[in-house]
Amino acid sequence: MEGLAEAVLGGTLIHMMRDDEDRRTAEKRLVRDAQNGDLVAFERLYRDNERKVFALCLRLSSDAALAEELTQEVFVRAWRKLGTFRGESALSSWLYPITVNVALSERRSRRRRDLRIVATDDPASLERAGGVPRPERGFDLQKAMAGLPPGARAVFVLHDVEGRTHDEIAAMLNLAPGTSKAQLFRARRLLREALGS
């Protein structure tokens, strides 16, 4: 009975490995076709990767509508840069840094827009709300994450949510692994403060 189970599991593993090889081969073919201008092939690549890209955009933006826009921008940039993809990794791995860069760029531009001077007749409306933190604000992780600086937020999402290593994050964001660790430490500290713990 044990030998039969091993044979079945071994056969399942071999079948799964073949499926992975088939998927990689199909993806490489689709990428090659898309690089040659085949829009149908690129549409298939889009469908195969859109959910992963959207999920990362949502984690980085905390806004579903904005995540949709960012996802579209990621694939516009991917189409433009597809010729640079060498196929040494899965397309989803190549899309990760593009996604992070698009989300961070949008956040920086939004922050610049928000920092512009606003004319008002009521200067008190521009003052920061102080006082005692309200308990209902204490456990809103999404809101707390949205308040993180862009670099710290990206590293936090990639490391603590996506499970990426500091070396992977450093390569994606074009920074040193030590900087990734420092950003993660900063993000965690800011989240603890925001969540009141």
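Description of the structure in this document. Along each chain, numbering runs from 1 in the same order as the chain's sequence is written. At least 70 in pLDDT is required for a residue's local features to be given in this predicted model, at least 80 for side-chain atom pairs to be given and counted, and no such filter applies to totals for whole chains, interfaces and linings, which use all residues. Remark: hydrogens and water are excluded; side-chain values derive from all non-hydrogen atoms of the structure.

1. Considering the overall build of the protein
Turning to step 1, where the next piece is worked out: Elements are defined by DSSP. Helices are runs of H or I of four residues or more, strands are runs of E of two residues or more, and each kind is numbered from the N terminus. Along the protein, the regular secondary structure elements total 8 helices and 0 strands.
Turning to step 2, where the next piece is worked out: Walking the protein from its N terminus toward its C terminus, one meets helices and strands in the order α-α-α-α-α-α-α-α.
Turning to step 3, where the next piece is worked out: Contacts are assigned to residue pairs that have any heavy atoms within 4.5 Å of one another. In the protein, once contacts between residues fewer than 6 apart in sequence are set aside, the share between residues at least 24 apart is 64%.
Turning to step 4, where the next piece is worked out: Surface accessibility of the protein: about 13,200 Å² in total, with carbon and sulfur atoms responsible for 54%. Accessible areas in this description were obtained via Shrake-Rupley with a 1.4 Å probe; residue shielding takes into account the shown protein chains only.

2. Notes on the environment of Ala64
Turning to step 1, where the next piece is worked out: Locating Ala64 in the fold gives a position in helix α3 (residues 64–81).
Turning to step 2, where the next piece is worked out: Each residue gets one of three labels from its accessible area relative to the maximum for its type: buried under 20%, exposed over 50%, partly exposed in between, using a 1.4 Å probe on protein chains only. Among the residues examined, Ala64 registers a relative accessible area of 43% and is labelled partly exposed.
Turning to step 3, where the next piece is worked out: Considered as a pair, Ala64 and Phe54 are 10 residues apart in the sequence and their alpha carbons are 8.7 Å apart.
Turning to step 4, where the next piece is worked out: With residues up to four places along the chain from it excluded, the contact list for Ala64 reads Phe54 and Leu58.

3. Side note on the packing of aromatic side chains
Turning to step 1, where the next piece is worked out: To pair, rings of Phe, Tyr and Trp, with the six-membered ring standing in for Trp, must have centres within 6.5 Å; the planes then decide the type, stacked if under 30 degrees apart, edge-to-face if over 60, and tilted in the middle. According to the stated counting rule, one finds 4 aromatic pairs in the structure shown.
Turning to step 2, where the next piece is worked out: For the pair Phe42 and Trp79, a centre-to-centre distance of 4.9 Å together with 65 degrees between the ring planes defines the contact as edge-to-face. Of this pair, Phe42 sits in helix α2 (residues 39–61) while Trp79 sits in helix α3; the two residues are 37 residues apart in sequence, bridging distant segments of the chain.
Turning to step 3, where the next piece is worked out: Here Phe42 falls in the buried class, since its relative accessible area comes to 12%.
Turning to step 4, where the next piece is worked out: Taken together, a centroid distance of 4.6 Å and an interplanar angle of 75 degrees make the contact between Tyr46 and Phe75 edge-to-face. With a gap of 29 residues between them, Tyr46 in helix α2 and Phe75 in helix α3 connect regions that are remote in the sequence.
Turning to step 5, where the next piece is worked out: On the basis of relative accessible area, Tyr46 is assigned to the partly exposed category, the value being 23%.
Turning to step 6, where the next piece is worked out: The structure contains a cluster of three or more aromatic residues connected by ring pairs, namely Phe42, Tyr46, Phe75 and Trp79.

4. Digging into helix α7 (residues 166–173)
Turning to step 1, where the next piece is worked out: Looking at α7, one finds that the buried residues are His166, Ile169, Ala170, Met172 and Leu173. The arc that holds the buried residues of α7, viewed along the axis, is 165 degrees, so those residues lie on one side. The outward face of α7, more than 90 degrees from its buried face, is lined by the exposed residues Asp167 and Ala171.
Turning to step 2, where the next piece is worked out: After α7 finishes, the residue Asn174 shows a positive phi value of roughly 60 degrees. Of all possible arcs, the one meant is that of the directions from the helix axis to the C-beta atoms.

5. Description of the packing of helix α6 (residues 150–161) against α7
Turning to step 1, where the next piece is worked out: Interaxial angles span 0 to 180 degrees and are taken between N-to-C directions of axes, which are lines fitted to C-alpha atoms, for helices over the stretch in contact. Two elements in contact, α6 and α7, have axes separated by 10 Å at closest approach and are oriented at 135 degrees. One finds that α6 runs oblique with respect to α7. Helix-helix and strand crossings are classified by hand; for α6 and α7 the assignment is right-handed. Two secondary-structure elements touch here, α6 through Ala154, Val155, Leu158 and His159 and α7 through His166, Ile169, Met172 and Leu173.
Turning to step 2, where the next piece is worked out: When the residues that make up the contact of α6 with α7 are grouped by side-chain class, the tally is 6 nonpolar, 2 polar and no charged. Working definition: roughly parallel below 35 degrees, roughly antiparallel above 145 degrees, roughly perpendicular at 65 to 115 degrees, and oblique for all remaining angles. Take the far helix as your reference; a near helix turned counterclockwise from it by less than a right angle gives a left-handed crossing, and one turned clockwise gives a right-handed crossing. Note on residue categories: nonpolar means Ala, Val, Leu, Ile, Met, Phe, Trp, Tyr, Cys or Pro, charged means Asp, Glu, Lys or Arg, and polar means any other residue, Gly included.

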